[in-house]
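Chain residues, written in single-letter form:
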Amino acid sequence: MSRFRFSEVALDRDALAAEMTHPAAGGFATFEGWVRNRNEGRSVRQLDYQAFEELGIREGSRIIEEAIARFRLIDARCVHRVGALALGDLAVWVGAASEHRAEAFAACRYIIDEVKHRLPIWKKEHYEDGDSGWVNCERCANPDPVHVHEHGRRVDPTPAGFPDYSRQVALREVGEAGQRRLAAASVLVVGAGGLGCPVLACLAAAGVGVLHVVDGDTVEASNLHRQHLYTPADIGRPKAEAARERLLAMNPMLRVEAHWQRFEETNADALVSLAEVVVDCSDNFRTKFLVNDAALRAGRPAVLASIHQYEGQLQVARPDLDASCLRCLWPEATRDGLVGNCAEAGVLGPVPATLGALQAMEVMKILLDLPGQLVDQLLLVDLLGQETRRLRAPRNRDCGPGQCVRLAKPGSERARPQLELSLSLQDAERQGYVIIDLREAQEVTAEPLPAVAHRHWPLQELLMEGPSQLGGDTRYLLVCSRGLRSRAAAEAMREAGLNEVYSLAGGLSGAEPGPARAPRTCS
Amino acid sequence: MTGIRVRYYALFREQAGCQEEELETVHTDLRGLYSELAARHGFRLQAGQLRVAVNGDFVDWSHRLSAGDEVVFIPPVAGG
């Protein structure tokens, strides 16, 4: 049985408690909500509760699961009455069992507060004076309680507890038809980080019907200053899951699908096929090219943004309009590791927040067919100078019709010799690899390489000198802190004809034997 | 000598230490101009790793400079 349910009949508190006995439970706390005889100065004699049960059970169950995870409970339950209740009746019952009492007390408080705040439940109060009226659930009543009396004068066209879109419907270009268009739309957001959070928040609040969130990471404390969908309680949780929960709390009318996985060649086409517009909020070029290419193959718009310190770039690939794409602008040789990334460079929250909001704006322009869409352009945004400029970026002249799509053919069609190795530096040394440390001098000083024979050869020097100096029968293993620069450099050496150049997967921070990690900078 | 204005973004701005500068150059092509500026400011990206726009249009490296042009050097950025 679901841990949250509604009941049309009186609750039996002993039976409910008995369901929760467990040998490991050292603490068991309950909360009971009763029907009282007064509300806001009026004498109440009876109550009717109504709930949007389907949504209520879903959201209620989610609240219980949250409480179990957050307070490490053994079990938790909540039952809410619907129907007619008399004074003194038990209206809602919450039980929480845990090893120790503190968690059980805290969980009861959490569950009842969230239930009152998030569930679509209404009560009709019957007063001693014969009048009666519907009282909104706390979520919609807060902060200004609204009583809609049966013979009252206020009529709210939006169901209580759900967003009211009247402020955007009022725009002539949006209107009711535009709002229906948004409700019918589906958008895939790749990366739920600094850019992804504002994109998702804007689209969810605006009522975009289906949102797909793709992110393989978990929430870290260092994300919170700019990734505003998350709280400290989310640390360690999959971002896709935490984002989904938060977005549904913001707008329970939506469908939000969490995809806790990296966007890779193997799942790119399947993911892009789920939505009509794709938003790239990733933090590395490898993923950006994958998103761009999958969007080209599917013929769907892709809204791409990147930031660097106080600046950002925004581009919209429009294969549906035969317009320029990411590849028209940047050569395939554009690789992570060759340019600064924001884990090293640092970032202020408002920068991705601004670029993410701009991405959401472009998505809504596309969905609502608004004027001023970015096509064949790159928008440069400088948040220090508060300056934006649109640069014209037409289709690459070397890109004939269909050329972008040809370049974007699935990676599986291309030969992919192994580039990254997962092994310890000691094993690499034993196996005869010449180890090359690509890091800058100050990084080497801060974190010296473990005691293995190696050569220090900073990235930019290797890029220039490597092709003429490496070679022969030697196998080389390039090493940096996280495996981004070494991979980019190894790819460059392979292109220069040196086939025995490899990159240490995950860099020094991931140098233990294990699966290769996808590149990360500052999602 | 050709009088032009150059604007920098992202790591170019850090390395040049300014957002823009007006300068006279003996070069009439972008490649020559970039080499000159790379030597002066210590830019380490190679021409193939960045893009350049002149007067609001992305152009390729063979583009010829004219007096009064506004040249923008744009490195790729990938932060998110």
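The following paragraphs examine the structure supplied in this document. (Residues numbered from 1 in each chain as written. Chains lettered and ligands numbered in written order. Predicted model: local features only at pLDDT ≥ 70, side-chain atom pairs only at ≥ 80, totals over all residues. Heavy atoms only, no water.)

**Let's talk about the environment of Arg 390 of chain A**
Then comes step 1: Tracing the sequence through the fold places Arg 390 of chain A in strand β18 (residues 387-392).
Then comes step 2: According to the relative accessible area criterion, Arg 390 of chain A is partly exposed, its value standing at 40%.
Then comes step 3: Residues contacting Arg 390 of chain A, with those up to four places away along its chain left out, are Gly 372, Gln 373, Leu 374, Gln 377, Leu 378 and Leu 379 of chain A together with Gly 56 of chain B.
Then comes step 4: Among the polar contacts made by the side chain of Arg 390 of chain A, one reaches the main-chain carbonyl oxygen of Gly 372 of chain A at a distance of 3.4 Å. (Helix = DSSP H or I, 4+ residues; strand = E, 2+ residues; numbered from the N terminus. Buried < 20%, exposed > 50% of the residue type's maximum accessible area, 1.4 Å probe, protein only. Contact = heavy atoms within 4.5 Å. Polar contact = N/O pair within 3.5 Å; in protein donor to acceptor, adjacent residues only side chain to side chain.)

**Observations regarding the state of the cysteines**
Residues and elements named next belong to chain A.
Then comes step 1: Under the defined criterion, the tally for this structure stands at 0 disulfides over all chains.
Then comes step 2: In this model Cys 78 remains outside any disulfide bridge; the closest cysteine sulfur is found in Cys 108, 9.4 Å from its own.
Then comes step 3: The exposure class assigned to Cys 78 is buried, which follows from its relative accessible area of 0%.
Then comes step 4: Accessibility expressed as a relative area gives 6% for Cys 108, which makes it buried. (Disulfide = S-S within 2.5 Å.)

**Notes on the side chain of Asp 75 of chain A**
All names here are of chain A.
Then comes step 1: With respect to the helices, strands and loops of the structure, Asp 75 is situated in strand β5 (residues 75-81).
Then comes step 2: Its relative accessible area of 9% is what places Asp 75 among the buried residues.
Then comes step 3: Looking at Asp 75, its side chain comes within polar contact range of the side chain of Arg 3, at 2.8 Å.
Then comes step 4: Residues contacting Asp 75, with those up to four places away along its chain left out, are Arg 3, Met 20, Gly 95, Ala 96 and Ala 97.

**Some thoughts on the pattern of salt bridges**
Then comes step 1: Scanning the model with the defined rule gives 36 salt bridges over all chains in all.
Then comes step 2: For Asp 293 of chain A, the salt bridge identified is with Arg 327 of chain A, shortest N-O distance 2.5 Å. You can see Asp 293 of chain A sitting in helix α10 (residues 285-298) and its partner Arg 327 of chain A sitting in helix α11 (residues 326-329), a full 34 residues away along the chain.
Then comes step 3: The residue Asp 57 of chain B makes a salt bridge to Arg 392 of chain A at a minimum N-O spacing of 2.6 Å. Residue Asp 57 of chain B is found in strand β4 (residues 57-59), and its partner Arg 392 of chain A is found in strand β18; the two belong to separate chains.
Then comes step 4: Overall, Asp 57 of chain B belongs to the partly exposed group, its relative accessible area being 28%.
Then comes step 5: A relative accessible area of 41% places Arg 392 of chain A in the partly exposed class. (Salt bridge = Lys/Arg side-chain N within 4 Å of Asp/Glu carboxyl O.)

**Comments concerning empty space enclosed by the protein**
Residue and element names in this part refer to chain A.
Then comes step 1: Counted by the stated rule, this structure contains 7 cavities of 30 Å³ or more.
Then comes step 2: Counted as a void, the second largest cavity has a volume near 80 Å³.
Then comes step 3: Going through the elements one at a time, α10, β15 (302-308) and β16 (311-317) are the ones with two or more residues in the lining of the second largest cavity.
Then comes step 4: By residue class, the composition of the lining of the second largest cavity is 8 nonpolar, 3 polar and 1 charged. (1 Å grid on protein atoms, 1.4 Å probe; cavity = no way out; pocket = protein on both sides within 12 Å on 5 of 7 lines; lining within 4 Å. Points joined across faces, edges and corners; volume = space filled by probe spheres on them. Nonpolar A, V, L, I, M, F, W, Y, C, P; charged D, E, K, R; others polar.)

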